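# Inside the fold
So the chains spell out like this:
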Amino acid sequence: MEIRIKDDILAAAAAEGMDAFLEVFINAYKEAAGENITAETFQKLNGEQITLLAYHILHEELMDGGFIQLIQNGYGPFIFDNPFAKAMRLWGLKDFSKVIYKAKEIYDEYKNELTRERSDEEFMALYEQYEVFDELDDWFITEEEGITAMIAYYVDENMDKFATIEK
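The following refers to the structure shown.

Parameters at a glance
- Residues numbered from 1 in each chain as written.
- Predicted model: local features only at pLDDT ≥ 70, side-chain atom pairs only at ≥ 80, totals over all residues.
- Heavy atoms only, no water.
- Helix = DSSP H or I, 4+ residues; strand = E, 2+ residues; numbered from the N terminus.
- Rg over C-alpha atoms; globule rule 2.2 N^0.38 Å.
- Polar contact = N/O pair within 3.5 Å; in protein donor to acceptor, adjacent residues only side chain to side chain.
- Contact = heavy atoms within 4.5 Å.
- 1 Å grid on protein atoms, 1.4 Å probe; cavity = no way out; pocket = protein on both sides within 12 Å on 5 of 7 lines; lining within 4 Å.
- Points joined across faces, edges and corners; volume = space filled by probe spheres on them.
- Nonpolar A, V, L, I, M, F, W, Y, C, P; charged D, E, K, R; others polar.

## Thoughts on the overall build of the protein chain
Looking only at helices and strands, one finds 9 helices and 2 strands in the protein chain. Counting from the amino terminus, the protein chain carries its helices and strands in the arrangement β-α-α-α-α-α-α-α-α-α-β. Relative to the 2.2 N^0.38 estimate, which gives 15 Å for 167 residues, the radius of gyration of the protein chain is 17 Å and therefore close to what a compact globule would have. Expressed as lengths along the three principal axes of its C-alpha atoms, the size of the protein chain is roughly 55 × 30 × 25 Å.

## Examining the side chain of Arg118
Of note, Arg118 is situated in the loop between helix 7 (94-115) and helix 8 (120-129). At 2.4 Å, the side chain of Arg118 and the backbone oxygen of Glu113 are in polar contact. Excluding residues within four positions of it along the chain, Arg118 makes contact with Gln72, Glu113, Phe123 and Leu126.

## Looking at the layout of surface pockets
Space inside the largest pocket adds up to approximately 220 Å³. In this structure, the largest pocket is lined by Met1, Glu2, Ile3, Arg4, Ile5, Lys6, Ile9, Val24, Asn27, Ala28, Glu31 and Ala32. Looking at the lining of the largest pocket, the elements with two or more residues in it are strand 1 (4-6) and helix 2 (18-33). Of the residues forming the lining of the largest pocket, the biggest block, 5 residues, is contributed by helix 2. When its residues are assigned to classes, the lining of the largest pocket shows 7 nonpolar, 1 polar and 4 charged.

## Examining the environment of Glu2
Tracing the backbone shows Glu2 in the segment before strand 1. As a C-alpha pair, Glu2 and Asp19 span 17 residues in sequence and 22 Å in three-dimensional space. A polar contact of 2.5 Å, which involves the side chain of Glu2, links it to the side chain of Thr164.

Here's what the structure looks like:
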């Protein structure tokens, strides 16, 4: 499916900053695929678009509650069982890719325990049980602005992979 974005909307968002610039694409993907994105609706998007959407989801989850929250909210398979880390490396984010691979190693080792249903109290206890994620969470929070800037730059330099820009 072709994603179309109006040039004036994109220009106005770019003037606001990289977050607003990327949000224009994310919103267009959500609109095209449906607000409740499923495996079927993902088929409407190409690999680059899915990767950008994956970064958006990862960003929201990590900024709110780290890798443990990302996993508990069901996004582990989406991030770790797909080539997201490889895509980040190909987009020029080698250090970020390494962090995702490290998180995947932990996820793979403890997947059954990390993904089971639990109460809010049990969920909060995961942060103490899996402090191994703390360093990765902290790294992301520290580097987030630079990572987002590099992703925005990649999107800007490869616009045709992400949307058709209309006058």
